[in-house]
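Secondary and tertiary structure notes
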Amino acid sequence: MVRLIHTADLHLDSAFSSRFSKEEAEERRQSLLMAWNRLLSYGIEKKVQAVLIAGDLFDSAVVSRSTMEIFLSSIRRNPDISFFYLRGNHDTENTFRFQENLPKNLFLFSKGGKKYRLNEKLILAGKEYYGSTERNKDGFPGQSFWDFKEEDCNLFMLHGELTESDIRYPLEPASGIGVRNEESAEQDKDAENEVQDNAGISLKALSRYPVHYLALGHIHKRGEGQFGSIRYAYPGCLQGRGFDEEGEKGFFYLEVNEETKEIQTEFIPIKEGEFRILELELCEEDDSLSALEKIEEKIKEEACTEKDSLRILLKGEKSPEGERNLRYLERALSERFSYVEVKEESRLVLRKEDYIHEKSLKGEFLRMVSDSESLSEEEKEKIILLGIGLLQGEEL
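1. Points about the sheet that holds strand β2 (residues 50-53)
Strand order across the open sheet formed by 6 strands is β4-β3-β2-β1-β15-β16, with mixed pairing between neighbours. At either margin of the open sheet sits one strand with a lone partner, and together these are β4 (106-108) and β16 (262-269). Within this sheet the neighbouring strands show an average axis-to-axis angle of 25 degrees, counted without direction. Taken together, the 8 bridges between strand β15 (residues 250-257) and β16 define a ladder with antiparallel strand orientation. Bridge assignment links Tyr253 to a residue of β16, and that residue is Glu266.

So, in structure tokens, the structure goes:
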């Protein structure tokens, strides 16, 4: 039994400049490194033979000296584990160009493809793809890279998206993971002859070879599937960096039986602060304080931790005269969590019978706006909320 870890999309040294201060961004970058350390600790505990990194180890070509040193040092400190790094679209061919004496247990791949024998009958192959305006021919003279033996258990590493026509027989109901729409039938025909091109990764083309596990990277959402004899998996990013990467993150732990070619996978979550989106149903009568009470209940129910970043979406109904104070809600929660933002997405409740006969400036204003045929419902809502606020003495 051979034990492995499959990870991808670590994006070490990410900028985190969109919503965090300089100090908070630095804390986030350190958190990414801590997630990597947690993965290593798990690997040491399980006595894994190798760690497969399926692309986007770093976020850009510019990597800080301290981050590079920590990463390479962590590999040197674990000589019993082999690290296989396949560069992705955020990496470059010269990722380690300024590094001398790379760790002996760090193994790289190439655009032409490389193979490594992990055990007597266990092969790991990988082929990097950096994109091209021309056809990117597979292999090299003699096509020796593609000479896979049926008696071997063959693992393959690629970084990219799967083409839509390849998604079949999902092991988990994760519809649409890693799928790109193919632009034309002609492009689909070309993809039959190449494993990876500008259109994506073709499982149909790869299925011509006896590949048993495809270790993928690039898609930041976890998912697994089956195509013929090929089991494919995206571990997702190791740790979320924004609300488009919300939810549980981590890596895959694999146990491979090279004799029977059976591969058991287990997803191992890393609890190092998640991006969480919480939706809350409110009624028209819920003001700012009652909304805060319900938010607190939701946070407790979802077991959010102080390292989490929260986006709270207020759904349901709201009154035109009882606009909730979103800044107050954010300030009330911000000291307990890494980041908090509250967004109002409730539907404005406006009952015509409540103001149809009201002889006042407010009544006339509401009748005029609600009866307008030139305004959309969204525009009416914005105008009404602004107008009611002005009538109540609020500033623009």
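2. Topic: the confidence of the model for the protein
Here the protein averages 82 in pLDDT, and 81% of its residues register 70 or above. Low pLDDT, under 50, characterises residues 133-142; the predicted model gives this stretch 22 contacts beyond four residues in sequence or across chains. Here residues 168-192 scores under 50 on pLDDT; set against residues more than four positions off or in separate chains, the count is 47 contacts.

3. Regarding unusual backbone geometry
Phi angles above zero are rare outside glycine, and His218 is one such case at about 115 degrees. Relative to the assigned elements, His218 resides in the loop between β12 (213-217) and β13 (223-227). In this structure, Ala303 is a non-glycine residue whose phi angle is positive, near 55 degrees. Looking at the secondary structure, you find Ala303 in the loop between α5 (288-301) and β18 (309-318).

4. Overview of the nonpolar core
Trp36, Val51, Phe71 and Phe96 are the most contacted members of the largest nonpolar core, which totals 35 residues. At the level of elements, α1 (22-46), β2, α2 (65-76), β3 (82-85), β4 and β15 are the ones that each hand at least two residues to this core. Among the elements that make up this core, the one with the highest residue count is α1 (7 residues). Setting aside its immediate chain neighbours within four residues, Phe96 contacts Phe58, Met68, Phe71, Leu72, Tyr85, Leu102, Leu106 and Leu108. Counting residues in each nonpolar core, the second largest holds 24 residues, with Val2, Leu122, Phe252 and Phe267 among its members.

5. Let's talk about the environment of Glu26
Secondary-structure assignment places Glu26 in helix α1. Separated by 13 residues in sequence, Glu26 and Asp13 have C-alpha atoms that sit 8.9 Å apart.

6. A short note on the packing of aromatic side chains
With the rule as written, the count across this model stands at 21 aromatic pairs. Look at Phe148 and Phe156: their rings are 6.1 Å apart centre to centre, the planes differ by 45 degrees, and that puts the pair in the tilted class. Taking relative accessible area as the criterion, Phe148 reaches 11% and is therefore assigned buried. Phe156 gets classed as buried once you look at its relative accessible area, which sits at 1%. Through successive ring pairs, a cluster of aromatic residues spans Phe145, Trp146, Phe148, Phe156 and Tyr209. Directly above the ring of Phe148 sits Lys115, whose terminal nitrogen or CZ lies 4.1 Å from the centroid.

7. With respect to the pattern of salt bridges
Any two side chains of opposite charge can pair, so long as their charged atoms come close to each other. For the coordinates displayed, the defined rule picks out 18 salt bridges. The partner of Arg336 in a salt bridge is Glu296, and the shortest N-O contact between them spans 2.8 Å. Here the residue Arg336 occupies a position in the loop between α6 (326-334) and β19 (339-344), and Glu296 occupies one in helix α5, the gap between them amounting to 40 residues. A relative accessible area of 37% places Arg336 in the partly exposed class. Connected through salt bridges with shared partners, the residues Glu274, Arg276, Lys298, Glu302 and Asp308 form a single ionic network.

8. Examining α2
Relative to the 16 Å expected for 12 residues at 1.5 Å per residue, α2 spans 16 Å between its end C-alpha atoms, a close match to the ideal helical length. Within the sequence span of α2, burial applies to Thr67, Met68, Phe71, Leu72, Ser74 and Ile75. Axial view of α2: buried residues confined to an arc of 155 degrees, hence all on one face.

9. Here we look at the sheet that holds strand β5 (residues 114-119)
With respect to topology, 6 strands assemble into an open sheet ordered β5-β6-β7-β12-β14-β13, the strand pairing being mixed. Both outer strands of the open sheet, β5 and β13, are each paired with one neighbouring strand and no more. Ignoring which end each strand starts from, the neighbouring axes of this sheet average 20 degrees apart. Pairing analysis gives 5 bridges linking strand β6 (residues 122-126) to strand β7 (residues 153-159), with the strands arranged parallel. Counterpart to Ala125 in the pairing with β7 is Phe156.

10. As for the pairing of β3
Relative to β3, β2 runs parallel, the two being bridged by 4 bridges. Following the sheet pairing, Ala50 is matched in β3 by Ser82. The parallel pair β2 and β3, bridged by α2, forms a crossover whose chirality is right-handed. Sheet topology note: the β3/β4 ladder contains 3 bridges and is parallel. Bridging across to β4, Phe83 finds its partner in Leu106.

The rules we used
- Residues numbered from 1 in each chain as written.
- Predicted model: local features only at pLDDT ≥ 70, side-chain atom pairs only at ≥ 80, totals over all residues.
- Heavy atoms only, no water.
- Pairing = 2+ DSSP bridges.
- Helix = DSSP H or I, 4+ residues; strand = E, 2+ residues; numbered from the N terminus.
- Axes fitted to C-alpha atoms, helices over the stretch in contact; angles between N-to-C directions.
- pLDDT = per-residue confidence, 0-100.
- Contact = heavy atoms within 4.5 Å.
- Core = buried A, V, L, I, M, F, W, Y, C linked by side-chain atoms within 4.5 Å.
- Buried < 20%, exposed > 50% of the residue type's maximum accessible area, 1.4 Å probe, protein only.
- Phe/Tyr/Trp six-rings, centres within 6.5 Å; stacked < 30°, edge-to-face > 60°.
- Lys NZ or Arg CZ within 6 Å of the ring centre and 35° of its normal.
- Salt bridge = Lys/Arg side-chain N within 4 Å of Asp/Glu carboxyl O.
- Expected span 1.5 Å × (residues − 1).
- Arc of directions from axis to C-beta.
- Right-handed = clockwise from strand over helix to strand, strands pointing away.

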